[in-house]
Amino acid sequence: MVIPRRNSMERKKPHFFKVLLGDFSHRLRIPPAFMKHISEEASSKGTAILEGPSSKVWHVELSKQTNGTYLQDGWQEFAKAHSLRVSEFLVFRYDGNMRFSVKFFDKTACEREDIFTSFHGPKTQGWPPKKSLDFGPIVSQQKACEIDSKNYLSDNLCTAKLSFRGEHKPSPKPEQVVRIETEDHDLPVSVGGRVHYLRRRQHMMSEEKIKAQDRVHYLRRRQHMMSEEKGKAQDRVHYLGRRQHMMSEEKGKAQDRANSFTSDFPFFMTIITVLQLRRGFFVWIPAQFAKAHLPKERVKIILRDPKGRTWEAKLNISRHRYTISAGWIAFARGNNLEEGDSCIFELVGKLKMRVHIFRLARENKARIKSQAI
């Protein structure tokens, strides 16, 4: 008895499959390479009919965009009704006239049995046995898929003519691997049903991990440096406090020695400050002393140091305030005056002053400066 062969059109019905990755629950793109099997007349209808294992049909609107054709309006209901999950397989067989038969496979590459029970109740003896996904020999060894860089997560499947066990096709060799090509790396899919993450994503995660480690290392170093700076600032404050205390003590001693000075000539005393040692600054003369012993006009005066050297300076009057200005800085530097020294200005002539210098003890100055080390 001769068994009639299947109709050639039935045997050559084109298939494509999709691995559910990315935002698959909202829309699904038909591989561009597969569109050659759909005539323009059929695609112009704008609606695809999807038929699942339960024979129930869903009408899904097509959305044509610049990067491809999508199953969109109505696809959400289809995905929800079949509880589609990440990394599962869908195999679409095109029956013509925009009608597709859809088979569902889980992560183990076996056909999902719960699809039958959800629409028909418990599985009965009449249902076909559980099938395992079998790619068989791949017809034409062209590119497995074409993936747009914007859609490589959700659109990573290809147009292929698939065969299943029981359809008089030779079984593939164990552990054959089909590689889905992308613009960057291959996505390997073994016949055992394991769908691996893209190598690119793994590489990016490694880079992010390295960046995070570098950031932690930087923050720790910054924290350590801030701790060191804080310690230095505290030491500086402590040093300044001790220096101020020691300076106060030494100034008091120098001032005591100056206070013991006596003379038959009028005189006044001043303690040298940092400002008085800078260019452009001057020495204030007490108003009571100036009004009693100095002329009420700007004149030149002579300053005589303890070594007998003379220095010319100016007596300035501003708003009833008397100062020794121009020439004072030269006198101070020539006599190595320092902060804390006490000076007595003794008026020995009409416009002549003898300056007596009472310095801080040299050993005490050295001890104060050593605190900065």
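Please read all numbers here as calculations on a predicted model, not as lab measurements.

Draft legend 1. A look at the pattern of salt bridges. Scanning the model with the defined rule gives 10 salt bridges in all. Taking the shortest distance from any N to any O, the salt bridge between R112 and E88 comes out at 3.1 Å. One end of the pair, R112, is in the loop between β7 (99-105) and α4 (114-120); the other, E88, is in the loop between α3 (75-81) and β6 (89-96), and 24 residues separate them in sequence. Grouping residues by exposure puts R112 and E88 together as buried. Its salt-bridge partner being E312, residue K300 comes within 3.6 Å of it at the nearest N-O pair.

Draft legend 2. Spotlight on the pairing of strand β15 (residues 321-324). In the sheet, strand β12 (residues 283-285) pairs with β15 via 3 bridges, with the strands oriented antiparallel. In the strand pairing of β15, W284 is matched with T323. Relative to β15, strand β14 (residues 310-318) is paired through 4 bridges, and the arrangement is antiparallel. Bridge pairing in β15 links N316 to T323. In textbook terms, the turn of a hairpin is the stretch between consecutive antiparallel strands, and for β14 and β15 this stretch comprises 2 residues, one of which, R319, has a positive phi near 50 degrees.

Draft legend 3. Quick peek at the packing of aromatic side chains. Tallied over the full model, the rule gives 17 aromatic pairs. These aromatic residues form a ring-pair network of at least three members: F268, F289, W311, W328, F331 and F345. Over the ring of Y70 we find R27, and its NZ or CZ is 3.9 Å from the ring centre.

Draft legend 4. Fine view of the pairing of strand β17 (residues 352-358). When you tally the buried positions in β17, you get 5 out of 7 residues, the bulk of the element. Relative to β17, strand β13 (residues 299-304) runs parallel, the two being bridged by 3 bridges. By the bridge assignment for β17, R304 is matched with R354. Across 6 bridges, strand β16 (residues 342-347) lies against β17 in antiparallel orientation. The partner of I344 across the bridge, within β17, is H356. Between the end of β16 and the start of β17, which pair antiparallel, lie 4 residues.

Draft legend 5. Examining the sheet that holds β15 more closely. Within the open sheet, the 7 strands sit side by side as β11-β16-β17-β13-β14-β15-β12. Their pairing is mixed. Single-partner strands in this sheet number two, and they are β11 (267-271) and β12. Strand-to-strand twist across the sheet, computed as the mean angle between neighbouring axes with direction ignored, equals 30 degrees.

Draft legend 6. Quick peek at the environment of N67. The residue N67 is located in the loop between β4 (57-65) and β5 (68-71) in this model. Exposure remark for N67: the relative accessible area of 22% places this residue in the partly exposed category. Along the chain, N67 and P32 lie 35 residues apart, while their C-alpha atoms are 8.6 Å from each other.

Rules used throughout
Residues numbered from 1 in each chain as written. Predicted model: local features only at pLDDT ≥ 70, side-chain atom pairs only at ≥ 80, totals over all residues. Heavy atoms only, no water. Salt bridge = Lys/Arg side-chain N within 4 Å of Asp/Glu carboxyl O. Helix = DSSP H or I, 4+ residues; strand = E, 2+ residues; numbered from the N terminus. Buried < 20%, exposed > 50% of the residue type's maximum accessible area, 1.4 Å probe, protein only. Pairing = 2+ DSSP bridges. Phe/Tyr/Trp six-rings, centres within 6.5 Å; stacked < 30°, edge-to-face > 60°. Lys NZ or Arg CZ within 6 Å of the ring centre and 35° of its normal. Axes fitted to C-alpha atoms, helices over the stretch in contact; angles between N-to-C directions.

By themselves, these are just geometric observations and shouldn't be taken as functional.
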